[in-house]
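# Chains, contacts and geometry: an overview
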Amino acid sequence: MQAILALDQGTTSSRAIVFDIDGRPLSVAQREFRQLFPQPGWVEHDPREIWISQRDVAREALEKADLAPSALRALGIANQRETTLLWDRQTGEPLYNAIVWQDRRTAAMCAELRTSGVEETVRTRTGLVLDPYFSGTKLAWLLDNLPGARARAERGELAFGTVDTWLAWNLSQSRTHVTDPSNASRTMLFNIHTGDWDPELLRILRVPRAILPDVFPSAHVFGMAAPEILGEPVPIAGIAGDQQAALFGQACHRPGMAKNTYGTGCFMLLHTGERAVSSANGLLTTAAAQLGRALDARDADKEYALEGSVFIAGAVVQWLRDEMRFFKSSGEIELLAASVHDNGGVYLVPAFTGLGAPHWDPFARGTIIGLTRGSSRAHLARAALESIAYQSADVLEAMQKDSGEKLMELRVDGGAAANDLLMQFQADILGVPVVRPRVLETTALGAAYLAGLATSLWSSREEIAAQWQIDRTFEPQMNRDAAEELLARWRAAVHRSLRWAEMA
């Protein structure tokens, strides 16, 4: 038997899934790890916890599948993007905690860069906006604030990476310092048109090239996991940022196809083919997962996507669970929200770490509005779920304006896609069918497919697209006038959340 191991390293947990040749999950293992909040607006992870949790669930998934390591054709990595790590090349020891994509500590730095007039250079070369979300200013902060870090970086003693790079480094026992275009394109240091690190952007952010990983196509044999990790050497043959991996796993291989992933954040991607569509509506132009037999990313066939990033989606449910103690398990929110007919006029804007697309306001903060004496926990729970759908609707509107295409259906995945109430409300608000596949773990599946293509377990995109199957289609049921009225109220609530922290 031949199988693929997918490592799905997320913001709140590490997962590992073993897939068979038909794209079916044989086993799953998952472990949550700590979220660190040293100051308001700061979010960090312990790099060792990321690695150890991912290594341990990989071993557990292999054991659950009752497979010998020799049965693995390869492993693929999908990862939380933009999260920034810096470590010592000799010892492999991190110099600091991982600065998570949600972290806002570089908001002032981004504002200064904007004032200096480099915003258009950043957008033109990277497809991104100047925002603390991305890795570049996080890395600059580390080099500026850790004693001696900049001098050591210039001497080539340090290594930078996003989480995929950190995992590949540890899997290979410090032999492999690599990434792929989908992750590199989220650093604000990578030129998505040339497929290489951009000298001008490195100059602007004062980042030495010596600390950057090599960039290869997403489906590529990057190196080998050492035999001590899983029992035998296993090729590391697929790497993609989690959202691009999900786009690939959803078989959105053609221009005009879109998916939305409901995880800690919410991320909608529209495949635009070989065309890098520049957004006029607050979206990002990003590299999609890239295939081909090229030696490096510069020579690979380039594919692109438009992306809208919602920073807080499933995390609002975690907040109600952990901080507000509304329920003990996240799955309980659907029953609680369904116990009321509507939101009772309550709107929750979960701008806990600012707002992403299409607003890009790092100073926005969470807002609850419309409360009355009759407002209950159920109304707040419903408002929290609805906020996920509203934010996605704002992104889709921007996406249709930029692309000039009207979306015919939205493919969905991620943990919250199992919530029928949310999926039906999403279809109602969007006015298009929402299609849920049988395999919801499409992020991991995308990483598995990339690794399998690189090692010839599968021969083509068409072969893997044929494995995609529908679980349920949610058809819009709400009157469009009613949906537009709800959206108008939502947007009025969002307006009240903007720039809040800037006034403090």
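Below, the structure is looked at part by part. Numbering of residues starts from 1 in every chain and runs along the sequence as written. Side-chain atom pairs in this predicted model are given and counted only at pLDDT of 80 or more, local residue features only at pLDDT of at least 70, and totals for whole chains, interfaces and linings cover all residues. As a rule here, side-chain values cover all heavy atoms of the structure and leave hydrogens and water aside.

### Comments concerning the sheet that holds strand β21 (residues 410-413)
Note: two strands are recorded as paired if DSSP finds a minimum of 2 bridges between them. For helices the rule is a DSSP run of H or I covering at least 4 residues; for strands it is a run of E covering at least 2, with both sets numbered from the N terminus onward. Across the sheet, seven strands lie side by side as β17-β18-β16-β15-β21-β22-β23; this open sheet has mixed pairing. A strand with exactly one partner marks an edge of an open sheet, and here the two such strands are β17 (284-287) and β23 (470-474). The sheet shows a mean angle of 30° between the axes of neighbouring strands, taken without regard to direction. Relative to β21, strand β15 (residues 258-262) runs parallel, the two sharing three bridges. Considered in β21, the bridge of Lys 259 is made with Arg 411. Here an angle of 0 to 180 degrees is reported between the N-to-C directions of two axes, which are lines fitted to C-alpha atoms, with helices fitted over the stretch in contact.

### Notes on the pattern of salt bridges
Oppositely charged side chains can pair when the atoms bearing their charge come close. Any carboxyl oxygen of Asp or Glu that lies within 4 Å of a side-chain nitrogen of Lys or Arg is treated as forming a salt bridge with it. Evaluated as defined, the whole model comprises 37 salt bridges. Note that Asp 8 and Arg 15 form a salt bridge whose closest N and O atoms lie 3.1 Å from each other. Two residues, Asp 420 and Arg 436, come together in a salt bridge whose shortest N-O distance is 2.8 Å. Here Asp 420 is found in helix α14 (residues 420-430), whereas its partner Arg 436 is found in strand β22 (residues 434-437), with 16 residues between them in sequence. Burial classes follow relative accessibility: with a 1.4 Å probe on protein chains only, a residue under 20% of its type's maximum area counts as buried, one over 50% as exposed, and anything between as partly exposed. A relative accessible area of 28% means that Asp 420 is categorised as partly exposed. Arg 436 sits in the buried class, given a relative accessible area of 7%. Look at the salt bridges and you will find they share partners, linking Arg 81, Glu 82, Arg 186, Asp 242 and Glu 307 into a network.

### So, the side chain of Ser 135
Tracing the chain through its elements places Ser 135 in helix α4 (residues 135-145). Residue Ser 135 is classed as buried on the basis of its relative accessible area of 0%. Reaching out from Ser 135, the side chain makes a polar contact with the backbone oxygen of Glu 82 at a distance of 3.0 Å. The contact criterion used is simple: two residues touch if any of their non-hydrogen atoms lie within 4.5 Å. In this structure Ser 135 touches Glu 82, Thr 84, Phe 160, Thr 162, Arg 186 and Thr 187, once residues within four positions along its chain are discounted. Two N or O atoms form a polar contact when they lie within 3.5 Å of each other; inside protein one atom must be a possible hydrogen donor and the other a possible acceptor, and for residues adjacent in sequence the pair counts only when both atoms belong to side chains.

### Some words on the sheet that holds strand β14 (residues 234-241)
Reading across from one edge, β3-β2-β1-β5-β14-β13 is the order of the six strands in this open sheet, with mixed pairing throughout. Each edge of the open sheet carries a strand with a single partner, namely β3 (25-32) and β13 (219-225). For this sheet, the mean angle separating the axes of adjacent strands, direction not counted, is 25°. For strand β1 (residues 3-9) and strand β5 (residues 72-79), the ladder comprises seven bridges, and the chain directions are parallel. Residue pairing for β5: Ala 6 is matched across the bridge by Gly 76. Each of β1, β2 (13-19), β5, β13 and β14 is contacted by helix α15 (residues 442-454), which is oriented at about 130° to β14, the strand it contacts most.

### Comments concerning the packing of helix α11 (residues 314-322) against helix α13 (residues 377-403)
Relative orientation of the contacting elements α11 and α13 amounts to 160°, with a least axis distance of 8 Å. The orientation of α11 relative to α13 falls into the category roughly antiparallel. Seen from above, α11 lies across α13 with right-handed handedness. Taking contact as the criterion, the partners of Gly 314, Val 316, Val 317 and Leu 320 in α11 are, on α13, Leu 380, Ala 381, Ala 384, Leu 385, Ser 387 and Ile 388. Amino acids outside the nonpolar list (Ala, Val, Leu, Ile, Met, Phe, Trp, Tyr, Cys, Pro) and the charged list (Asp, Glu, Lys, Arg) are all regarded as polar, and Gly is one of them. The residue inventory of the contact of α11 with α13, partitioned by class, reads eight nonpolar, two polar and no charged. What sets the label is the angle itself: under 35 degrees gives roughly parallel, over 145 gives roughly antiparallel, 65 to 115 gives roughly perpendicular, and the rest give oblique. Take the far helix as the reference: if the near one is turned anticlockwise from it by less than a right angle, the crossing is left-handed, and if turned clockwise, right-handed.

### Thoughts on the packing of aromatic side chains
When the centres of two rings from Phe, Tyr and Trp lie within 6.5 Å, Trp using its six-membered ring, the rings pair. Their planes under 30 degrees apart give stacked, over 60 give edge-to-face, and anything left gives tilted. As enumerated under the stated definition, the model contains 19 aromatic pairs in all. Ring geometry for Phe 134 versus Trp 360: centroids 6.0 Å apart, planes at 35°, classification tilted. Taken together, the positions of Phe 134 in the loop between α3 (119-126) and α4 and Trp 360 in the loop between β19 (347-349) and β20 (367-369) put the pair 226 residues apart, joining distant regions of the chain. Both residues of the pair, Phe 134 and Trp 360, count as buried. A network of ring pairs unites the aromatic residues Trp 101, Tyr 133, Phe 134, Phe 267, Phe 311 and Trp 360 as a single cluster. Each ring is checked for a lysine NZ or an arginine CZ that lies within 6 Å of its centre and within 35 degrees of its normal; such an atom marks a charge sitting over the ring. The ring of Trp 141 carries the charged tip of Arg 105 above its face, separated from the ring centre by 4.6 Å. Here the basic side chain of Arg 377 rests over the ring of Phe 326, its NZ or CZ set 5.8 Å away from the ring centre.

### Quick notes on unusual backbone geometry
The omega angle of the peptide bond from Ala 357 to Pro 358 is -5°, so this bond is cis rather than trans. Within the fold, Pro 358 resides in the loop between β19 and β20. Although it is not a glycine, Trp 360 adopts a positive phi angle of roughly 50°. Judged by its relative accessible area of 13%, Trp 360 falls in the buried class. A positive phi angle is found at Ser 456, which is not glycine, with a value near 65°. As for its position among the elements, Ser 456 is in the loop between α15 and α16 (461-465).

### Description of the pairing of strand β18 (residues 304-310)
In terms of burial, β18 is a largely internal element, seven of the seven residues being buried. Across seven bridges, strand β16 (residues 266-273) lies against β18 in antiparallel orientation. Each residue of the ladder has a partner; that of Phe 267, found in β18, is Ser 309. Pairing of β17 with β18, which is carried by four bridges, proceeds in the antiparallel orientation. Looking at β18, one finds that Thr 286 is bridged to Ala 305.

### Quick word on α11
All buried positions along α11 are accounted for by Gly 314, Ala 315, Val 316, Val 317, Leu 320 and Arg 321. Tucked into the core, α11 has its buried residues touching α12 (333-338), β19 and α13.

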